[in-house]
Amino acid sequence: MFNYYLKLALISMRKSPILVFLMVFALAIGVAASMTTITVNYLSSKNPLPHKENNLFAVQLDNWSIEKSWREPDITPFHLTYIDANNLLSLGEKFKHSPIAQMDMPLESTSIDGEKKTFMAQAKSVSHDFFALFDVPFLYGQAWSKEDDKNSANLVVISEKTNNKFFSGANSVGKTLIYGGEVFTIIGVTKKRTFLPKLYATNVFMFAEPEDLYFPFSTQISLGWFNEGKSIYYCQKDKASDTYESLLQSECMWILFWAEFKDKAEKEQYQQFIDNYVSDQKALGRFPRPLDNRLTSIKTWFKYQNVTNKDTQILMWLAILFLCVCLFNTVGLMLAKFTGKSSEVALRRALGASKQSIFYQYLIESLCIGLCGGVLGMLLTFISLEYFKHIYTKLNDQVMTLNIELLLSGLLLSILATLIAGIYPTIKVSRTSACMQLRQK
Amino acid sequence: MLKMSGISKHFIVGNVKTQALHSFELEIKQGDFVAVVGPSGSGKTTFLNMTGMLEQPSFGQYEIDGVQVANLNDKESSRIRNEKIGFVFQSFNLIPELNVYDNVDVPLRYRHFSSKERKARIENALEQVGLAGRHKHFPPQLSGGQQQRVAIARALAGSPSIILADEPTGNLDSKMADGVMALLHDINKAGTTIVMVTHNDEQAQQAGRIVHISDGYLSESTPLQQAIA
Amino acid sequence: MRDIPLILKVLKKQMTGPFLLILQIVITFTVIVNATYIISDKTKLLDIPTGADQENSFYVSIYAQDKDMQNENQIKSDMAQIRSLNTVTSAAPINTIPLIGMGKYQDLYTDEKEETGDYTAKYYTDNAVVDTLDMEILIGEDFTEQDVLYVKSDSIKWPDSIIITKAFAEFLYKDDWRQAVSKLLYVGDTRVRVKGIVDKMQSPWYFWRNVEFSIFVPSVLITEEMKYLVRAKKGQKDIAISQVEALLLKTPGRMINKIETLGEVRDNALSTEQGTVSILKSLIITLSLITAFGIIGQASYSINARKKQIGTRRALGASKLQIIQYFLTENILVSTIGILLGMISCIALNLVLVDNFSLPRLPFYYLGFGVLSIYIISLLSVLYPAYKAANISPAIATREM
């Protein structure tokens, strides 16, 4: 029966091509507008590590001055001071956690032959746990070890892109590069992946390009490096002097800190750990504000970072309203089309079709139209996303790329929308009386 | 076998009640050829609609082959109409976008036959009406007489108990009309009951029985030939 | 006009078509008016100049491999050489660029209790900044070479004086901004004197509510990455860029990280806003088209369904014009209902946007614009079907359908 209705639907659609085209086109545009904006909004606020939702947390200590909170209404600083990051690392060795700091320096090859390639690398200094924390996939090699962190080893993990640039994609583990004027040995190469928004960053930097390299946080400290220009930092009090030592002793916060727990019990342990630590520090005269140490979930982190762009959200809602207009349009067009068929319907009823059969027949026709609208709509979505990439240069391209999930959702949206639009016309046409029109030819 | 007893039909529009058909009794036996005659507006259409289960009677019992069909729900009445009744209309009412094969196929589809069975029935029916081999033609490509034959094949294909014909030759010229009438009589001789509404006196006289409807009242008479004989 | 009661009766019987149209009109009205308002709001933003000499200015971001290479003498030497180029008007080292999206900010107050004050953008630079950023000292004085400090970190020593923008001065001294000059402002634990007030300079963040609040601190912040802002002579920007680049690379161990013109910085910053404006414009046009087609379709269909009725009216003496008038009236009636409902829905949507996205409130005259647009779209769409209706032959009345 389904095949029969399908055949009838196709014949019927061929009979009134202009009308069908208008329906499909209006639907497609509505679907495209909605899916484009939904894609951008969805991808830019999707948790890239959904399976770690209950395990991965940002560590926030409230180290601000007593007068008012760091940011209204009651948001505590995102970053830690060096004192606190270092202490948490050394006192909490049994936990899995990592500091993350921005440390961009020039990167150049050590090969004497050929052209010398140098570029400013986007880099983060982290501890060895970082790679497990954020599920960083490796193409070659692996992360450095706990010992390497302790020894402030000159090791780097470079990205696939960097590896391609310097080593044409070959396995470069063991080779060296000059980073910030120092010789570093490559211990691993990471695989390219879509990881947006970047959890271990703040605000718009969550959509920045992926890192070119990672190196040990302890190494950054031992080399006396600090990204004055690039780091986001804020100080509760002025530094004593402008030496590096002074920076390390200061109440300037510039280090992000993330931790992973295997279960709720471990999370509570950690909370206890940081609370005890801060209480101890209070005794030394630090941490003037009341105790407010947070283990912030990914979802809350997104909220703090205002991850969704206001404009793209507004566009999404306007696009959905647009889709509604297209739908009402489709209902009207379907009414016109179906009621034009009332003589054929009356005939079929006379020949023995029940109201239900007529209903199914036209439901399937609606489905066909919906599918066509969906396919054309997703094509248009693809095109408009490319246009979006062209316009929104600041937004990372990966946030405007269709994946299978979204493609299927778009088709489903179109079919569902058409079915909803078609319900009223289909019911109306199935109610056509068997005898009304028969004599009036 | 058709049995109608105490059937009447009225319409109420606003405060006005119109009695389309006054209570009547009618029995039609298998193999009958009944002509229905009467002036315009007499209630012929209502009678035909009710006989064909396109409308429900206001009162009365209607039995087809022993089954009460007067007050069935939509699904049931559609099924019975589909299986037991075949329609032939004055204006053919073929679906122009479907070819001959598919047009005859329409009522069979609502019956859930296998495709093999449908094919057999369609070919059989087309042969009976003399249009074998015309499967791929479309209605606009056929003459009026041929279109009506396709309609008759459509009515036959489901092996109905009764064929209802509403002025089947009304839109045909006399030659085609004769051909169609001959076909109907052949089908009737082969065993199918035929109830035919007609304005044509000659056609009425060739039927086995004549039912008159006038001002909503049914009466029956015998055709002249029988009367004379 | 006298058709109206008849039209209403007919509409009541066949409600679905007009009902769908009304829904479409309501949403179209709502979206068009709100979208237009957002566009005009953003366009205002896009038209505001930064205050700098956008056409002729650019910056160079340089990096020294050797950390110690970046020092006071090197910077002074670089500046002297750049300024001596014949394609350059002025140059200054600076920590960030207007509209670039990153930078430092500072809160300053007129009193110790911190009752009057706010956050401003903070530019660390030398005494050539006023000229390089094409600013004008409105009152007070420009920096001298003696005012300038060279520091390695920003949290230690504040210089004695700063220069602020007029906008900030107006905020601090609402009655007379000129008072700000030579006043002491409280910043952190110390105080600085306002040496001069300049006309205008935007902050690095275009979307900031305090985008016009900027202060200039005569301290050159020595970091491993330095930015040099250069204002070229009119039309000489491209030549100046290659000259400056070549000049800076003469010092070994240096890397040019990036060279960007101020025009590029601004375009980049505002690209999203510009993009949103384009998208909104296409949305408005497409929506209008779809609604227009909806009206044409609906009108054509309903006219087709009433063919016999129309033919009969013509046969009974109605002129073609009267038929057209009938359908125009019907259309205006439906549109008006849609517009009235649309106005309510439009204001409702705007309130939602105001609450959730802190958009400004819609001024009422925008509604008038929406009303006009809908009527125009509506009437233009119905003209063709109405014309076809008028041409239905009266002979249809007698024909058997």
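Residues numbered from 1 in each chain as written. Chains lettered and ligands numbered in written order. Predicted model: local features only at pLDDT ≥ 70, side-chain atom pairs only at ≥ 80, totals over all residues. Heavy atoms only, no water.

For chain B, an unreviewed UniProt entry supplies the name Putative ABC transport system ATP-binding protein and the organism Pseudoalteromonas denitrificans DSM 6059.

To be explicit about the condition: UniProt positions are given in the numbering used here, feature names are shortened, and annotations may be inferred rather than shown by experiment.
Looking at an unreviewed UniProt entry, chain A carries the name Putative ABC transport system permease protein, with the source organism given as Pseudoalteromonas denitrificans DSM 6059. According to its UniProt record, chain A has this under Subcellular location (unreviewed entry): "Cell membrane".

1. A few points about helix α9 (residues 320–357) of chain C
Operational definition: Per the convention used, a helix needs a DSSP run of H or I reaching at least four residues, while a strand needs a run of E reaching at least two, with both numbered from the N terminus. Take the residue count of a helix, subtract one, and multiply by 1.5 Å to get its expected span.
Look at α9 of chain C: 52 Å from first C-alpha to last across 38 residues, which is about the 56 Å you get at 1.5 Å a residue. Backbone geometry just downstream of α9 of chain C places Ser358 of chain C in the positive-phi region, at approximately 45°.

2. Looking at the domain arrangement of chain A
Residues and elements named next belong to chain A. Quick note on the threshold: Annotation comment: domain bounds sourced from an automatic or database domain assignment. Residues count as neighbours in contact if any of their non-hydrogen atoms are within 4.5 Å of one another. Put simply, buried area is how much 1.4 Å-probe accessible surface two parts lose in total, over both of them, once they are put together. In the sections that follow, a salt bridge refers to a side-chain nitrogen of Lys or Arg positioned within 4 Å of a carboxyl oxygen of Asp or Glu. Definition of a polar contact: a pair of N or O atoms within 3.5 Å, with one able to donate and the other able to accept a hydrogen when the atoms are protein atoms, and with sequence-neighbouring residues admitted only if both atoms are side-chain atoms. Just so you know the grouping, Ala, Val, Leu, Ile, Met, Phe, Trp, Tyr, Cys and Pro go in nonpolar, Asp, Glu, Lys and Arg go in charged, and all remaining residues, Gly too, go in polar.
Partitioning chain A into structural domains gives domain 1 (2–45 + 309–440) and domain 2 (51–304). Placing the centre of domain 1 and that of domain 2 at their C-alpha centroids yields a distance of 49 Å. Contacts between the two partners involve 6 residues from domain 1 and, on the opposite side, 9 residues from domain 2. Carbon and sulfur atoms supply 55% of the area buried between domain 1 and domain 2, which totals about 590 Å² over both sides. Summed over the shared surface of domain 1 and domain 2, the number is 0 salt bridges. Connecting domain 1 to domain 2 are 0 residue pairs in polar contact (both at pLDDT 80 or more). Considering only residue class, the side of domain 1 that touches domain 2 consists of 2 nonpolar, 4 polar and no charged.

3. Remarks on the sheet that holds strand β7 (residues 162–166) of chain B
Residue and element names in this part refer to chain B. Stated formally: Paired strands are those between which DSSP finds at least two bridges. The axes used here are C-alpha line fits, helices contributing only the stretch in contact, and every angle between their N-to-C directions lies in the interval 0 to 180 degrees.
A sheet is described by the order of its strands in space; here 6 strands give the open sequence β6-β7-β8-β3-β9-β10, paired in mixed fashion. Two strands close off the open sheet at either side, each with one partner strand: β6 (85–88) and β10 (217–221). Here the strands of the sheet are splayed against their neighbours by 20° on average, with no regard to which way each runs. Pairing of β6 with β7, which is carried by 4 bridges, proceeds in the parallel orientation.

4. Details of the side chain of Thr165 of chain C
All names here are of chain C. Summarising the element assignment, Thr165 is placed in strand β7 (residues 161–165). Of note is the side chain of Thr165, whose polar atom sits 2.9 Å from the backbone oxygen of Glu212. Discounting chain neighbours no more than four positions away, the residues touching Thr165 are Ile197, Val198, Lys200, Met201, Glu212, Phe213, Ser214 and Phe216.

5. Here we look at the state of the cysteines
Two cysteines form a disulfide when their sulfur atoms are joined by a covalent bond. Let me state the cut-off plainly: Any pair of cysteine sulfurs within 2.5 Å is marked as a disulfide. Buried, partly exposed and exposed residues are distinguished by accessible area as a fraction of the type maximum, computed with a 1.4 Å probe on protein chains only: under 20%, between the cut-offs, and over 50%, respectively.
Enumeration according to the criterion identifies 1 disulfide over all chains in this entry. Across a sulfur-sulfur distance of 2.0 Å, Cys235 of chain A and Cys252 of chain A are joined as a disulfide pair. When the S-S torsion is 100°, as for the bridge of Cys235 of chain A with Cys252 of chain A, the disulfide is right-handed. Here Cys235 of chain A, found in strand β11 (residues 234–235), pairs with Cys252 of chain A, found in strand β12 (residues 252–253); they are 17 residues apart in sequence, far enough to count as distant. By relative accessible area, which is 0% here, Cys252 of chain A ends up buried. The thiol of Cys368 of chain A is not disulfide-bonded; the next cysteine sulfur, from Cys372 of chain A, is found 6.7 Å away. Overall, Cys368 of chain A belongs to the buried group, its relative accessible area being 12%. The thiol of Cys346 of chain C is unpaired, and the distance to the nearest cysteine sulfur, on Cys324 of chain A, comes to 16 Å.

6. Some words on empty space enclosed by the protein
Rules: Buried and open spaces are told apart on a 1 Å grid over the protein atoms alone, a cavity being a set of points where a 1.4 Å probe fits but cannot get out and a pocket being an open set with protein on both sides within 12 Å along at least five of seven lines. Residues with an atom within 4 Å of a point are the lining residues. Grid points are joined across faces, edges and corners, and a volume is the space filled by probe spheres set on the points.
What the rule picks out here adds up to 9 cavities of 30 Å³ or more. If you add up the space inside the largest cavity, you get close to 90 Å³. Along its surface, the largest cavity is lined by Asn329, Gly332, Leu333 and Ala336 of chain A together with Gly17, Leu20, Leu21, Gln24, Gly294, Gly297, Gln298 and Tyr301 of chain C. Looking at the lining of the largest cavity residue by residue, the classes come out as 5 nonpolar, 7 polar and no charged. Taken together, Leu8, Ile11, Ser12, Lys341, Glu344, Arg348, Gln361, Tyr362 and Glu365 of chain A together with Ile95, Glu97 and Leu98 of chain B form the lining of the second largest cavity. Grouping the amino acids of the lining of the second largest cavity by side-chain chemistry returns 5 nonpolar, 2 polar and 5 charged.

7. Quick look at the interface of chain A and chain C
The interface of chain A with chain C comprises 53 residues on the first partner and 50 residues on the second. Between chain A and chain C, a total of about 4,500 Å² is buried, with carbon and sulfur atoms accounting for 66% of that surface. Inspection of the region where chain A meets chain C yields 1 salt bridge. Here Asp311 of chain A and Lys42 of chain C are joined by a salt bridge, their closest N and O atoms 3.0 Å apart. Between the two partners, chain A and chain C, sit 6 residue pairs in polar contact (both at pLDDT 80 or more). Counting only elements with at least two residues in the side of chain A that touches chain C, the list comes to α2 (17–44), β3 (105–109), β4 (118–121), α11 (310–339) and α13 (355–391) of chain A. The element that contributes the greatest number of residues to the side of chain A that touches chain C is α11 of chain A, accounting for 19 residues. Taken together, the residues of the side of chain A that touches chain C break down into 30 nonpolar, 12 polar and 11 charged.

8. Section: the packing of α2 of chain A against α13 of chain A
All names here are of chain A. Inclusion rule: Angle categories: roughly parallel below 35 degrees, roughly antiparallel above 145, roughly perpendicular from 65 to 115, and oblique for all the rest. Crossing handedness is defined as follows: a turn of the near helix away from the far one that is anticlockwise and smaller than a right angle gives a left-handed crossing, while the clockwise case is right-handed.
Where α2 contacts α13, the two axes come as close as 7 Å, and the packing angle between them is 45°. With respect to each other, α2 and α13 are oriented oblique. Remark: the crossing between α2 and α13 carries right-handed chirality. Its residues assigned to classes, the contact of α2 with α13 shows 17 nonpolar, 8 polar and no charged.

9. Observations concerning the pattern of salt bridges
Residue and element names in this part refer to chain A. With the rule as written, the count across this model stands at 44 salt bridges over all chains. The shortest N-O distance in the salt bridge between Lys96 and Glu260 comes to 3.9 Å. Here the residue Lys96 occupies a position in strand β2 (residues 96–102), and Glu260 occupies one in strand β13 (residues 256–260), the gap between them amounting to 164 residues. Under the relative-accessibility criterion, Lys96 is labelled partly exposed at 33%.

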